Amino acid sequence: MKFAVIVFPGSNCDLDMYHAVKDELGEEAEYVWHDSKDLSGYDGILLPGGFSYGDYLRCGAIAQFSGVMEEVKKAAEAGKPVLGVCNGFQILTEAGLLPGMLLRNKNLKFMCRTVGLKVENANTLFTNEYAEGQEIQVPIAHGEGNYYCDDETYENLKKNNQIVFSYADDFNGSRNQIAGIINERGNVLGMMPHPERAVSDLIGGSDGLALFKSIVKQWREANVSHA
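All values derive from a computational prediction rather than experimental measurement. Each chain carries its own residue numbering, running from 1 in the written order of its sequence. Reporting in this predicted model follows two pLDDT cut-offs: at least 70 for local features of residues, and 80 or more for side-chain atom pairs to be given and counted; totals over whole chains, interfaces and linings ignore these cut-offs and use all residues. Each side-chain value is derived from all of the structure's non-hydrogen atoms; neither hydrogens nor water enter the calculation.

## Regarding helix α5 (residues 209–223)
What counts, and what does not: What counts as a helix is a DSSP run of H or I of at least four residues, what counts as a strand is a run of E of at least two, and both are numbered from the N terminus. What a helix is expected to span follows from its residue count: subtract one and scale by 1.5 Å. Contacts are residue-level and defined by heavy atoms, with any inter-residue pair within 4.5 Å sufficient.
With 15 residues, α5 extends 21 Å between its outermost C-alpha atoms, agreeing within 8% with the 21 Å of an ideal straight helix rising 1.5 Å per residue. Structurally, α5 contributes buried residues whose contacts are with β1 (2–7), α1 (14–24), β4 (82–85), β9 (163–167) and β11 (188–191).

## Points about the pairing of strand β3 (residues 44–47)
Within a regular strand, the side chains alternate between the two sheet faces. Defined as follows: Partly exposed residues are those whose accessible area sits between 20% and 50% of the maximum for their type, while under 20% is buried and over 50% is exposed, using a 1.4 Å probe and protein chains only. The pairing criterion is simple: DSSP has to find at least two bridges between the two strands. When the strands point away from the viewer and the path from the first strand over the helix to the second turns clockwise, the crossover is right-handed.
Burial along β3 is two-sided: G44 and L46 and I45 and L47, pointing in opposite directions, are all buried. The pairing of β3 with β4 spans three bridges and is classified as parallel. Residue pairing in the sheet places L46 in a bridge with L83 of β4. Between the parallel pair β3 and β4, the chain is carried across by helix α2 (residues 68–77), and the sense of this crossover is right-handed.

## Re the pattern of salt bridges
As a reminder of what qualifies: By salt bridge we mean one thing: a side-chain nitrogen of Lys or Arg within 4 Å of a carboxyl oxygen of Asp or Glu.
Summed over the entire model, instances satisfying the criterion amount to eleven salt bridges. Residue D16 pairs with R197 through a salt bridge whose shortest N-O separation is 3.8 Å. Linking D16 in helix α1 with R197 in the loop between β11 and α5, this pair joins segments that are 181 residues apart in sequence. Overall, the relative accessible area of 26% leaves R197 in the partly exposed class. As a salt-bridge pair, E70 and K73 come within 3.8 Å of each other at their nearest N and O atoms. Placement of the pair is E70 and K73 together in helix α2, with a separation of three residues, close to one helical turn. For K73, a relative accessible area of 23% corresponds to the partly exposed category.

## Some thoughts on the UniProt feature "active site" (unreviewed entry) in the protein chain
Formally: UniProt positions are given in the numbering used here, feature names are shortened, and annotations may be inferred rather than shown by experiment.
UniProt records the feature "active site" (unreviewed entry) for C86, H194 and E196 in the present numbering. In three dimensions, the annotated residues from a span of 111 residues occupy one location, with a maximal C-alpha spread of 10.9 Å. Residue placement: C86 occurs in the loop between β4 and α3 (87–94). We classify C86 as buried; its relative accessible area is 5%. When residues no more than four places from it in sequence are discounted, the contact partners of C86 are G49, A141, H142, M191, M192 and H194. Inspection of the secondary structure puts E196 in the loop between β11 and α5.

Pasting the structure below:
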């Protein structure tokens, strides 16, 4: 499986994404600059964390207009897995690929630590290697990770089982402690915690590795002949 790691001006977690899929999983990965006009050669798209365009206006507000985002939308429409982490999640909401928005943390401070997450939906292409209700430990590093949506959107998220991860504790103000959601089709995931920073016990934990294994497993089942 071949992944595109999208690099915006100000991205700083692109190396972590690359390491997770290339070094830990042994899959193919390439850095793709934000003005790329073709993602057709990739099987999965990864939007990393960081501070794209310096987070001016709003986090992700400028990045949504990057040339590559039209290609990301095409990939999503084609059913390819698209993962946006932290700033990548913010970009996905600004681009309209996921509902809701990310606000300042309720304490108005940047927060960086490992937190507990609950797997709310293990029946997705991103979570099939987890168990429903499983609690995992994954790092966060954000100042604007407070997920907000209106009541109608929230009810739709619940009805369609689009809430994939929730926080064990309410530390940033996210509605109902939402940490990650998918689109209705189930192939676009946005989450604020950093699974790519939890792929090896050597760096503090490996609970995030199953997310990347899930993507690869689903892709291989759909695309690799077992004959």
